[in-house]
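One letter stands for each residue in the lines below.
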Amino acid sequence: MNDYIQINPLDNVAVALHALPKGFLVKIGGDTITLQEDIPAGHKIALKDFAEGERLIKYGYPISHTTQAVGKGHWLNEHNVHTNLSGLSTYTYQPTSIAQRFNDEHRSFMGYVRRNGDVGIRNEIWIVPTVGCVNGIANQLAEQLREETRGEGVDAIVAFSHNYGCSQLGDDHENTRRILRDIVLHPNAGGVLVLSLGCENNQPDAFREFLGDYDEDRIKFLVCQRVDDEVEEGMKLLRGLYAQAREDQRKALPLSRLRVGLKCGGSDGLSGITANPMLGVFSDWLVAQGGTTVLTEVPEMFGAETILMNRASNEQVFNDTVKMINDFKEYFIQANQPIYENPSPGNKAGGISTLEEKSLGCVQKSGSSAVEHVLHYGERGTQPGLNLLSAPGNDLVASTALASAGCHLVLFTTGRGTPFGTFVPTVKVSTNTPLYEKKRRWIDFNAGSLVENETMETLSRRFMDFVVDVASGKRRALNEQKGYREIAILKKGVTL
């Protein structure tokens, strides 16, 4: 097992792969450096004497500058470094050449083909409230159907509670409508009951029209204020949906039909060394199969956005990426909040000191493929290849947005650990082995073995097979097994 790593030959910092004691010898580039203090796992080691104001280089890019002199062999962290970022930026399209590192292997997965030709990887019954006032009824109906059927013949029966659908204006109201529409139309559901109260701002009849074309046999509506017994009426509709869904069968489908979201949360100093680069390899592989990956967390692109911009497939995609970045910065400015108020306390404890350090690790999930399209929040994707999605860094809001964009599952890397899941399978990937061993009820796959002498080739191949198994229903993500299924909708404005 390695003790430390210099990620890029240009770097003037190294990263401790596990806790290293004062006096430990670090040998890099013919130089031997004696640690002057204990260095926690995932944290940065000074490979040179830094004067105040000197830039730190990691991943081959500047990640911060020192706020005081720091000697060789000392610990670099948020107490002695600071971000280089400030204000808005201007950008110039400088396209980079992109080499495809995988060929089409003509692999398949087992999925469900819906009547409109769309494809799902789960066959579930969902109850989707149009307003939070009926959350209790939705949960009661889901529980009653589970008890009545014992869940046999379908993958899950779930009610997706939320707090919105009324007393919202402008973008907030439209965000709620878009996300709920995307959930109702998502192909992972074999049947959906849309449950309304009747007097909410998100009016049921208008929402029905907002869906556009939909399968009226598989999507049913119930307005509670219009019936005498909403539970009795709801169960009649659910029994009919269940009877149809349980007859659905999986069939072999090409990987070009698979759509996967890429997300990280609770990152640590190994995120950009193990799990995120592995997702980048997976993303490039799936794109080479004709499939789709979607990267989000726009505030965690700040400081690394030019890497994505210069991989834009054409100048229009570049301009769309610039607009996505600057619009999100304006969102912070309009709210009178600092643009670069990141990383989180957990990130700092794990070894990430500045936003650009976090971002350079974050964007590695996108691999090296061309960026083909930029999606607005709540927009459903149709363009194969690597897509960017406008959404915040918040774990549940961003993961919900990925699923709403049409992703069949979300791959979620973490160095600190988290149990949650959104409304599609949410596969947790640990950046380090101790987390995997401690939280086996949370973590689906361990990428920490990459610093324990497993090669990226063998690790990524194991992961590819793992994801195909999850998509085919041979494995269930731990969030599915534990029943951790939630949604969160972006809120920007006032509540009436």
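Before going into details, it helps to say that this report is about the structure given with it. If you're wondering where the values come from, they're calculated on a predicted model, not measured in any experiment. Within every chain, residues take consecutive numbers counted from 1 along the sequence as written. It should be noted that, the model being predicted, local features are given only for residues of pLDDT at least 70 and side-chain atom pairs only at 80 or more, the latter also being counted only at that level, while totals for whole chains, interfaces and linings use all residues. The side-chain quantities take in all heavy atoms of the structure and omit both hydrogens and water.

### What about the sheet that holds strand β22 (residues 426-430)?
By way of backbone hydrogen bonds, the strands of a sheet pair with one another, either parallel or antiparallel. What counts, and what does not: Paired strands are those between which DSSP finds at least two bridges. Helical segments are the DSSP runs of H or I of at least four residues, strand segments are the runs of E of at least two, and each set is numbered from the N terminus. Whether two residues touch is decided by their heavy atoms; if any such pair falls within 4.5 Å, the residues are in contact. Think of each axis as a best-fit line through the C-alpha atoms, taken over the contacting stretch in the case of a helix, with angles from 0 to 180 degrees between the N-to-C directions.
The parallel open sheet is built from seven strands, whose spatial order is β19-β20-β18-β17-β21-β22-β23. Every interior strand has two partners, whereas the edge strands, β19 (371-375) and β23 (445-446), have only one. As defined by bridge partners, strand β17 (residues 259-264) adjoins strand β21 (residues 409-414) across five bridges and the pair is classed as parallel. Within β21, the residue paired with Gly-261 across the bridge is Val-410. Against the sheet, helix α7 (residues 315-334) engages β19 and β20 (385-389), with an angle of about 40° to β19.

### Points about unusual backbone geometry
Most peptide bonds adopt trans geometry, and most residues besides glycine take a negative phi value. Heads up, the rule is: Any residue under 20% of the maximum accessible area for its type is buried, any over 50% is exposed, and the rest in between are partly exposed; the area is computed with a 1.4 Å probe on protein chains only.
Unusually for a residue other than glycine, His-106 sits at a positive phi of about 55°. Summarising the element assignment, His-106 is placed in the loop between β9 (81-82) and β10 (108-113). Looking at His-106, the relative accessible area reads 68%, which means it is exposed. Non-glycine residue Asn-336 carries a positive phi angle of around 55°.

### What to know about the packing of aromatic side chains
Definition in use: For this analysis, a ring pair means two rings from Phe, Tyr or Trp (six-membered ring only for Trp) whose centres lie within 6.5 Å, classed as stacked if their planes differ by under 30 degrees, edge-to-face if by over 60, and tilted for the remaining angles. We call a charge positioned over a ring when the NZ of a Lys or the CZ of an Arg lies within 6 Å of the ring centre and within 35 degrees of the ring normal.
Under the counting rule described, the total for this entry stands at 15 aromatic pairs. Here the aromatic residues Phe-282, Trp-285, Phe-445, Phe-463 and Phe-466 are joined through ring pairs into a cluster of three or more. Above the plane of the ring of Phe-302 lies Lys-329, whose end atom (NZ or CZ) is 5.2 Å from the centre. Over the aromatic face of Trp-442 sits the side chain of Lys-439, whose NZ or CZ is 4.2 Å from the ring centroid.

### Points about a nonpolar patch on the surface
Here is the rule: Candidates for patches are residues over 30% relative accessible area with no salt bridge; among them, like charges are joined within 9 Å and nonpolar side chains (Val, Leu, Ile, Met, Phe, Trp, Tyr) within 5 Å. Note on areas: Shrake-Rupley with a 1.4 Å probe; residue coverage comes only from the protein chains shown. Every case where a carboxyl oxygen of Asp or Glu lies within 4 Å of a side-chain nitrogen of Lys or Arg is listed as a salt bridge.
Together, Leu-169, Val-494 and Leu-496 make up a nonpolar patch on the protein surface, roughly 310 Å² of accessible area in all. Looking at where Leu-169 falls in the secondary structure, it is placed in the loop between β13 (157-159) and α2 (170-184).

### Side note on the pairing of strand β12 (residues 124-129)
Filter applied, for reference: For crossovers, right-handed means that the path from the first strand over the helix to the second runs clockwise, given strands pointing away from the viewer.
Judged by how many residues are buried, β12 sits mostly within the fold: six of six residues are covered. Along β12, one buried face is formed by Glu-124, Trp-126 and Val-128 and the opposite face, lined by Ile-125, Ile-127 and Pro-129, is buried too. Alignment of β12 against strand β14 (residues 189-196), held across six bridges, turns out to be parallel. Residue pairing across strands places Pro-129 opposite Leu-195, the latter belonging to β14. Bridge analysis of β12 against β13 gives three bridges, and the strand direction is parallel. Within the sheet, the bridge partner assigned to Trp-126 lies in β13 and is Val-158. Read from β12 through helix α1 (residues 135-149) to β13, the crossover connection turns out right-handed.

### Some thoughts on the side chain of His-186
Quick reminder of the rule: Polar contacts, as used here, are pairs of N or O atoms within 3.5 Å; protein pairs need one atom able to donate a hydrogen and one able to accept it. Residues neighboring in sequence count only if both atoms are side-chain atoms.
Among the structural elements, His-186 can be located in the loop between α2 and β14. Within the structure, the side chain of His-186 is placed 3.5 Å from the backbone oxygen of Ala-403, a separation counted as a polar contact. A polar contact is formed between the side chain of His-186 and the backbone oxygen of Cys-407, at a distance of 3.0 Å. Ignoring any residue separated from it by four or fewer positions in sequence, one finds His-186 in contact with Trp-126, Ala-403, Gly-406, Cys-407, His-408, Phe-423 and Val-424.

### Comments concerning the side chain of His-173
Relative to the elements of secondary structure, His-173 occurs in helix α2. In contact with His-173, not counting residues within four places along its chain, are Gln-168, Asn-201 and Asn-202.

### Observations regarding the state of the cysteines
To be explicit about the condition: Two cysteine sulfurs form what is called a disulfide whenever their separation falls within 2.5 Å.
What the rule picks out here adds up to zero disulfides. Just so you know, Cys-133 is unpaired, no disulfide at all, and the nearest cysteine sulfur is the one on Cys-166, 6.1 Å from it. Here Cys-224 is not disulfide-linked; the sulfur of Cys-133 is the nearest cysteine sulfur, at 10 Å. Residue class for Cys-224 comes out buried when judged on its relative accessible area of 7%.

### Here we look at helix α12 (residues 456-471)
Note the cut-off: Helix span is expected to be 1.5 Å times the residue number reduced by one.
Along its 16 residues, α12 runs 22 Å from first to last C-alpha, staying within 8% of the 22 Å computed at 1.5 Å per residue. Those residues of α12 that sit buried are Leu-459, Ser-460, Phe-463, Met-464, Phe-466, Val-467, Val-468, Val-470 and Ala-471. Downstream of α12 by one or two residues, Gly-473 has phi in the positive range, about 85°.

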